[in-house]
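Observations on the three-dimensional arrangement
The lines below spell out each chain.
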Amino acid sequence: MRHPFLAGAAAVITAAALAACGSSSGGGGEKTAGAGPAASAGPVAGAPAEPDGSAQAGPRASHSSEPPKTPTDELTPATGTFTKKQKKYLVDRVPKGMDPAAVLQTGQATCDRLTYLVKVDRDIAIGAVATGEIADAEPAAGQLCTQHKELVAQASRAYPDGRHEGARLRPGRYRDVSPTKSCGWEITGANGKVLASGSSDDGKRSRITIPAAATAFTSTGCYAWLPEGGNG
């Protein structure tokens, strides 16, 4: 489910990202590369479900269909130079024949969107990463905007709407981010026994505890659930 705030703010964030796409130098007076035309930085759809109904942690590309990548020693901009962090971000990310500055701009736009959302509501920013509405946040935060690395790590432990089971299920306390009036959830144990369930028909935020005995957690209309306390 796309978060309504993200959908409404997409144009604002994109415009701000494009205006600020010129990257700063890593020091030493090095001139950095400006970004050329880039792909859209707008929100993407949430993670698709697996055939058994369980939710993925995020979008997953098909490696067999990926085009060959530009070798590291050929990652050079039309003007200026890339900083070490920028070049590290670009490694194995630039398809042959594409301007690396355009790929860099996409990463910078991701950073700009994270920064914008953190100022508005940090929980929504984490939820947007968890659901995949802000794609490729991990590599961007890893190299281009390291101040958001902790946020991305929290998102990796969150639950977007869907069914979660097996290794993805972790006992602990969770809070929902931005539930709709149709938000509903269910925790089941062995043999499908319902351990707990609930809904939020008033759209107010809720907190739940997933016990160690749980084998599956299902959520619809709640957007995302963020970990609290020791499991956060």
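Residues numbered from 1 in each chain as written. Predicted model: local features only at pLDDT ≥ 70, side-chain atom pairs only at ≥ 80, totals over all residues. Heavy atoms only, no water.

1. A look at helix 3 (residues 100–120)
A rise of 1.5 Å per residue sets the reference length of helix 3, with its 21 residues, at 30 Å; its end C-alpha atoms lie 31 Å apart and thus fit the reference within 8%. The N-terminus of helix 3 is capped by D99, whose side-chain oxygen sits 3.0 Å from the backbone nitrogen of A101. (Helix = DSSP H or I, 4+ residues; strand = E, 2+ residues; numbered from the N terminus. Expected span 1.5 Å × (residues − 1). Polar contact = N/O pair within 3.5 Å; in protein donor to acceptor, adjacent residues only side chain to side chain.)

2. Observations concerning the pattern of salt bridges
Enumeration according to the criterion identifies eight salt bridges in this entry. For E165, the salt bridge goes to R163, with nearest N and O atoms at 3.3 Å. Owing to a relative accessible area of 29%, R163 belongs among the partly exposed residues under this scheme. In this structure, R175 and E228 form a salt bridge, with 3.5 Å as the shortest nitrogen-oxygen distance. With a gap of 53 residues between them, R175 in strand 2 (residues 172–176) and E228 in the segment after strand 6 (216–227) connect regions that are remote in the sequence. The same class applies to R175 as to E228, namely buried. (Salt bridge = Lys/Arg side-chain N within 4 Å of Asp/Glu carboxyl O. Buried < 20%, exposed > 50% of the residue type's maximum accessible area, 1.4 Å probe, protein only.)

3. Observations concerning the packing of helix 3 against helix 4 (residues 122–131)
One way to put it is that helix 3 packs onto helix 4 with a least axis distance of 6 Å and a crossing angle of 140°. Taken together, helix 3 and helix 4 sit at an angle that is classed as oblique. Together, L114, L117, V118 and V120 of helix 3 and R122, I124, A125, A128 and V129 of helix 4 make up the contact between the two elements. (Axes fitted to C-alpha atoms, helices over the stretch in contact; angles between N-to-C directions. Parallel < 35°, antiparallel > 145°, perpendicular 65-115°, else oblique. Contact = heavy atoms within 4.5 Å.)

4. Comments concerning the confidence of the model for the chain
Of all residues in the chain, 71% attain a pLDDT of 70 or more, and the chain-wide mean is 78. For residues 14–62, every residue scores under 50 in pLDDT, and the model assigns this stretch 82 contacts once sequence neighbours within four places are set aside. (pLDDT = per-residue confidence, 0-100.)

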